[in-house]
Structures are given as structure tokens and as C-alpha cells.
Number of protein chains: 2
Amino acid sequence: MIDGIQFAGVASGIKANGLDLGLAFFKEPMNCLSLYTRNKVKAAHILYDRKIEHHPVRAILVNSGCANACTGKEGVSDLKTIAGELSGILGTNKEEILFASTGVIGRRLPTGRMISALPGLYKSLRNNNIESFARSIMTTDTYPKIVSETIHGEKAYNIIGVAKGAGMINPLFATMLSFVFTDYPVSPSRIKGIFSKAGKETFERVTVDGECSTNDTVTLFTKTGEEDLDGLDDFKNKLYLVMKALSIMIVKDGEGATRVIHITVQGAKKKEHAEKIARRIAISPLTKTAFFGCDPNWGRIIAAAGDADVPLRPSKIEIIMQGRQLVKESVEVPFNEQELKKMMNKKEIELTVNLHDGKASFDIYTTDLTYDYIKINASYRS
Amino acid sequence: MIDGIQFAGVASGIKANGLDLGLAFFKEPMNCLSLYTRNKVKAAHILYDRKIEHHPVRAILVNSGCANACTGKEGVSDLKTIAGELSGILGTNKEEILFASTGVIGRRLPTGRMISALPGLYKSLRNNNIESFARSIMTTDTYPKIVSETIHGEKAYNIIGVAKGAGMINPLFATMLSFVFTDYPVSPSRIKGIFSKAGKETFERVTVDGECSTNDTVTLFTKTGEEDLDGLDDFKNKLYLVMKALSIMIVKDGEGATRVIHITVQGAKKKEHAEKIARRIAISPLTKTAFFGCDPNWGRIIAAAGDADVPLRPSKIEIIMQGRQLVKESVEVPFNEQELKKMMNKKEIELTVNLHDGKASFDIYTTDLTYDYIKINASYRS
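So, here is what we can say about the structure in this document. In this text the structure is predicted, and so the values were computed from the model without any measurement.

Before going further, it helps to spend a moment on the overall build of chain A. Looking only at helices and strands, chain A has 11 helices and 14 strands in total. A compact globule built from 382 residues should have a C-alpha radius of gyration of about 21 Å, and chain A, at 22 Å, falls within 12% of that. Projected onto its principal axes, the C-alpha coordinates of chain A cover approximately 70 × 50 × 35 Å. Sorting the 382 residues of chain A into buried and exposed places 57% on the buried side. A separation of at least 24 residues holds for 80% of the contacts in chain A among residues at least 6 apart in sequence.

Put into C-alpha cells, the structure is as follows:
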């Protein structure tokens, strides 16, 4: 709970069932800073918010069930219409309201239904209602994702974050939304670099399916007014922890995922090489299906590494799975396959690929690829 | 059938069941030209053949069931051992034998079993036995892939090609082997560029799962001796046709595939942009699962296009599926979803994405992503 921030979530009928409209409302204007998708095709809320976020805001309205992407100029003007209605109810300026959307691409928002739901949404605003908000932004997520920390300085502050994820998740973003709120007073200009770096080291280090959505957004809201620099170091730490925890929750709840694989590539000449190899392994469908089947099929891992389009000494590769060395100098170290299968039948798997070619490293989290991913995505318009 | 070329395939016990060792034997030495995987990690047969293929050869021995990749120096010396035995049986020089392998990475060839099988393999060599050869190189393929054409010039020649594919298939190659034989006499130097271009326009234009193997090889064998330039134009055409037909057979027989999707990206500023977008769509798991489910979910197509890391005018995109315009200027053209689902419930799907930003285009073939892909790759060590 953070004083001065209220949350609500209602079912407005955008989706056939369940909560689909969430509101965060701030008693006082708050600073905001956002990270957006790298996708060249961007949803209407990104086009809209970008013009607003350089000044403090009073609210963010988030919907699931409709991405409001590829909806042309109308998609943006729909947001203007809703902002007009909502600002009247909240008693704010029209330009103090941000938006975010997630869901099916190409459909326009049902503005009529959404506007009809606004008075009820306003009435259910509560200081302790963040779970409704977190639930209202879910799509194929199986549970709401909320993380909080306390910032310790001369004075104590709170930081609380929510996120939604599930599919279309890839490093550098993918259908994921995350909102982090804090009563710690700090200006956007002071923390822009820190926030962006934290994004790179958290949300950009998870992948489910290599897909990147049109809607990805991470927004941080901080208190306006005089800064308290005393707590800055702890704020940085806690911001990172909240974002890291949310990003791990997203990958754990990846569509159809039964395992999370933490891939570390070490011994690279350059970090950029380690990153390319780690990302290539992390999106390899053959590797991901092998993890689903608990198959210590290291050949697929090495083939993915070799296909990462970076220099590689093909005879030097070492692979360690769950602490057990499987491959040394690119040749198998004999292992008991049944024993290893058992070691791989876990929720979390540690995989290290050492290139023995330098000192740079990079790590990333991914999921296995399962029947349920196909089921969710072949039979459900998400 | 080509005079002077004999084929055989036997079960040597590399795999638990079925044919796994194939031989093509040439009465007279033949020129050879190869295209190999872009993967930095290359199988032993590629390292070995590269040193041989600049002079004419008398045979190629191909095995399935074991990739002989990541087997260190021993992997190459195993081939030398087998070449010693086989050259004795065939009455050729040791350096006149090429190899190719496909199967599980990391295991050494069972040279003992293979050598024991060589006399039987030699005895079953027949001019009309190419089907056994084609079957012996299969892994998860469901049928042998053989295509032949006749070259018309002053004199008639034949060209016949075989291939294996199934999984780990991606543009720029992936576990695929293909061998094309012709009695058309032409020197490697004259057709190197043509062959390489044909490779780019055929085998490099199909993808199943975006994976690239350590073993991919396409080898063309032509008759040595005085060239017959009269038939050169028709040879070029027929070579392309054989390679194109084999590549389409590979994608049609992709692991678990129920449909082939032919993706054409038009209206790009540069061909390179069209290619990147076409390839990005072709490996998108969300797009591929939507095709499996007959879901005209064009938002996933446009999101993949936007994620291709090339300049794009996000408001100009047109999408045409099975001849029906779905999207104009990046906004949906209303369509009857049930009708479209029916149109998509076909073995072959035509998808056109027009960027309306130039005149360049690129096309590629891909498959849908299905439960059976997961089944094959999670439960079978391929």
C-alpha cells in the first residue's frame, strides 16, 4: 500500500469474462517514465502516452482483451474520447491520464462499454485494491503478478510493481505490461538511466517464445516534489529487485511452460557475443522441446550456439547442466542419461555454456516449449 | 536412372530400425560441388569433404542416425578409417570417397558396424536403386524425396536429386542433406555461381523451425570430361527445378506440419528488407500456431513484421491471405471469420504482405507449428 495511490479493476465487457479494465489513481500528480516495445508497429496507447509522459500525471487506465494496435488514427482518438470522460469523473486534466492496452491486435476498443464502466471503476478505487488492478490486466496469465519492497533511508518509502506476461514474451520486450509505483520522491531525469538499465537487466532478460509485441510497456511512477537523495541507493536496489522479481514471474508463467531455464553464456570475447548466443539458445524450439522432454540433448544447444552469427571456437565449448559437466572441448563427457533426465525433471534448470574464448558473459531466462503453448495459441485468439 | 551411377541402401545398425547407410558409386570419377551449413559448428563430414571435393570423386557414403558432429578429431579419423575400407571394396582411391551424416549430435559413428555392412552395401549397388539410397538417409522424414528431370540439348541428359529434411530446417540450411546427380558433362568452375544461386533460391527459401544444423550439405555431381555447352541453359533450368522441388518436399514433410505457408513480402524498399520480414514471419511461433488453428490472426503477422529490425512504414501494411485482403493501411478490412477459417483449412496457404514502400520482394515457404512437432522433438532423440 502506498498513501495517495488507489487502485481498481472491473469487468467492463471488453473480454467475454473476467476483469478487463484497471485504474490507478494518484491523489497528487506523479512523475512517470516509460520503456516501450522495440516493435516498429506500436499500439495506440504508446503513440498517445509518448506525448503526455513528459509531465506529471494523475492516473493510468489499463485494459486487457484488446491491444488497440493497428487501429489507425481512430485508435488514438478513442483514447482521447475516454480521457475526456475519465478526467471529468476524476476531476483531473485530460492530459493527466495515461493508457495501456493488451490483447488482440487489430480490433478497436469498445469505447462505449468502457465509458459506461468508468463510474463503477471510480467507485471501487481503494488504497489496498492493487490485486484487482493486477488481475484486470491479465490475458493468458494464470496468476496476478505483484511485488513490493521497502526503501530504507532516513525515511522509509514503498515501492510496488505489477506486471502481466504469458505469451509474446521476448527479450527487448513482448506483450508485457508492467507498472511500478513508489512514494519515493525522485525526478525522472535523475533516474532515467537507472530505470533503463534496470529494464535491460530484468524484462529484457526473459523470453517465452521469441515474439515481440506491439504493446509492451513498463512505466515507473515516482512522487513529485522535493527529492530525497538520502534513500537513492536503496531505491535503485529495490527498483531493480521489484523489476527482476516481476520479470521472473512472467517467465515462470509463460504460456504452457513447465520449466524455467536460466541460461548463462560465459567465456565470450565480448558481452555482445555472449548475449547473441544466449538469446539464440533461449529461442531455439529444438532446445526448448528437449527441455520439455527432460532430454539432455546438448547437441541442440551447441547447434543453436553455432547458429548465433558470432565468432566461435567450435572445438572449445563446455556445457554444464544442473551443475554437471556434459560437454568438454565440444565433445561429450560420458554421463548417465537416466540420472540426468531425473536432474532435468525440475521446475528450474541451470544451463551454463562456456565458450573458453574470453571473459564476457550474459544470462537470460527462458521456458520450455510444450503442447500447451500450441493449445493456447492455436485455439485461442490471444 | 543415370548410366554409370549405382545406388544402394542398407540397415547397418546405426539406428535401431530401418535403413541407415546409403552409397552412391560412380563408374567414372565425377565432379562435385557442395554448399554447406552456415553453422559455426560443423560436422566431421564437412571438415573431411572440404579437403577432397576439389577433385573428382567416385562415391559418396551417407548415414542417418548419427550426425558425427561434436566428435572432435576422432570424428574425422573415423571417416578416414571407413574410407580405407570402402576404397578397398570399391577399387578406388581413398581420396575419391565423400561422406555425409545426419542424426544425433555428439555421438561417434559405430565404425565397426558400418564397416561390417560395407560388403553387403556394395553387393546391393544397382542402377535403379535410388529409392533405397533416399530411404537410408531419412531421419524423421515420412517419405523418401526423389526428383528427376531430363536435360534437352543436342543430346539428352538426366538429372536426379534426393533429399532428406524434416526438422532443424531453416533458410540458409538446416539438417538437410541433398545430393543431385547428372550425366551432363560440365565443369564445377562453370556452374559454381549457378549452383550457389540455385541453393539460395531453393533450399535457403524454406524453413520448418528456424533451426540450423551442424550437418547441412547439398552436393551436386556432374559428369567429367569434355563439356557439352549446348545443353547449358536447359541444365540450369532443370537443376533449379530439381532443387526447388526437393526443397518444397522438405517443407511439406516438416516435422508435425499440417500446412505449408508460402509467404511473399512485396513493396519493400530493398530486397534485404523484404527478406528479413519474410523470414521473421516464417519463424514466428505465434503466427505458425495460428496457421495450425486456421486462425486469421493477422495481428501476429504484423507484429512479427514490425519486429524484423528493418525500416517499416507501420501505417501502410497490406495483408492478403488466400487472395483475400485482410488488412489495408495496417487496419482490418472487415471479413467473415468463419469463411476465412474455412479458406485457411488447406494444405497450402498463400500469404502476401505488401509494405507499400518500394518495389523489392522476397518469398519463402514455412510450415505451421503443431502438437506433433512438440511430440517428435520432446520425446524422440533426433
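Let us keep going from here.
All names here are of chain B. Even without a glycine there, the phi angle at Cys-294 is positive, about 55°. Within the secondary structure, Cys-294 sits in the loop between helix 8 (285-292) and helix 9 (298-306). By the C-beta count within 10 Å, which is 20 here, Cys-294 ends up buried. Non-glycine residue Gln-322 carries a positive phi angle of around 50°. Within the secondary structure, Gln-322 sits in the loop between strand 10 (318-321) and strand 11 (324-328). The class for Gln-322 is partly exposed, based on 16 C-beta atoms found within 10 Å.

Expressed as a screw transformation, the operator carrying chain B onto chain A has a rotation angle of 180° and an axial translation of 0.0 Å, and the superposed copies differ by an RMSD of 0.0 Å. One copy is carried onto the other by what is essentially a two-fold rotation axis. Of the C-alpha atoms belonging to chain B, the one lying closest to the rotation axis is found on Tyr-371 of chain B, 2.8 Å away. Comparing contact sets, 100% of the residues at the interface of chain B also lie at the interface in chain A, consistent with an isologous, same-surface contact.

Let us look at the interface of chain B and chain A. If you look at the interface, chain B gives 48 residues, while chain A gives 48 residues. Among the elements of the structure, helix 8, helix 9, strand 12 (331-332) and helix 11 (371-379) of chain B are those that each provide at least two residues to the side of chain B that touches chain A. The residue inventory of the side of chain B that touches chain A, partitioned by class, reads 22 nonpolar, 18 polar and eight charged.

Calculation notes
Residues numbered from 1 in each chain as written. Chains lettered and ligands numbered in written order. Predicted model: local features only at pLDDT ≥ 70, side-chain atom pairs only at ≥ 80, totals over all residues. Helix = DSSP H or I, 4+ residues; strand = E, 2+ residues; numbered from the N terminus. Rg over C-alpha atoms; globule rule 2.2 N^0.38 Å. Buried ≥ 20, exposed ≤ 12 C-beta atoms within 10 Å, placed from the backbone. Contact = placed C-beta atoms within 7 Å. Least-squares fit on C-alpha atoms with pLDDT ≥ 70 in both. Nonpolar A, V, L, I, M, F, W, Y, C, P; charged D, E, K, R; others polar.

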